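# Residue-level structural notes
Each chain, letter by letter, is given below.
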Amino acid sequence: DSESDSDSDSDSDDEAKHVCVRLRGMTTRRALQDPAEARELVRDTKDVCDDFGKVVSAFAPRPHPGNDPSKDPRGVGELFLRFEKGASAAVARRALDGREFDGNVVKATFVSVSFFEKTRTDAEAAAEKNAPAKYTSSSRARAAEKNKR
């Protein structure tokens, strides 16, 4: 992937500037379809990774409802973590890469801050777009007014 920035352990100075880690193989599209399971996975992963250093942001893009993966936002099936310090991200990447989780081998790589933020923004926009319709107070007021007639 051109977005992974670095997969090398050889240059610790280079590692120190990377604060974002992508985890592949920890979950599946199907598991992320359940909002509660998705939240729990992110929370549990963040809790584990806080042992490596402060995690300032963690998310897992959720799939589009239904069975059409072509409509999914980028990164479905992956978890993304942003650490406060590059040294923490480097320790987490080394500790998690190759670890087995739920019968799968985790692949941990660095990603750029811009890739992390773009993926997070796209995932949030997709979640908002795919959320069930919400009624605003003004629409409720209009419906109440209409029912009075």
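In the block above lies the structure referred to throughout.
Residues numbered from 1 in each chain as written. Predicted model: local features only at pLDDT ≥ 70, side-chain atom pairs only at ≥ 80, totals over all residues. Heavy atoms only, no water.

### Some thoughts on the packing of aromatic side chains
Quick reminder of the rule: Within 6.5 Å between ring centres, the rings of Phe, Tyr and Trp (the latter by its six-membered ring) count as paired, and their orientation is classed by plane angle as stacked under 30 degrees, edge-to-face over 60, tilted in between. Helix numbering and strand numbering both begin at the N terminus, where a helix is a DSSP run of H or I of at least 4 residues and a strand a DSSP run of E of at least 2. Exposure classes here rest on a 1.4 Å probe applied to the protein chains alone. A residue is buried below 20% of its type maximum, exposed above 50%, and partly exposed in between.
Overall, the coordinates contain 3 aromatic pairs when judged by the stated rule. Ring geometry for Phe59 and Phe80: centres 5.0 Å apart, planes at 10 degrees, overall stacked. Of this pair, Phe59 sits in strand β2 (residues 55–59) while Phe80 sits in strand β3 (residues 78–83), and the two are 21 residues apart along the sequence. Look at Phe80 and you get buried, because its relative accessible area is 1%. Ring geometry for Phe59 versus Phe116: centroids 5.1 Å apart, planes at 70 degrees, classification edge-to-face. Residue Phe59 is found in strand β2, and its partner Phe116 is found in helix α5 (residues 113–130); the two are separated by 57 residues along the sequence. Accessibility assignment for this pair places Phe59 and Phe116 in one class, buried. Aromatic rings pair up to connect Phe59, Phe80, Phe115 and Phe116 into one cluster.

### What about unusual backbone geometry?
Of note, the phi angle at Asp102 is positive, near 50 degrees, even though the residue is not glycine. Mapped onto the elements, Asp102 comes out in the loop between β4 (100–101) and β5 (104–105).

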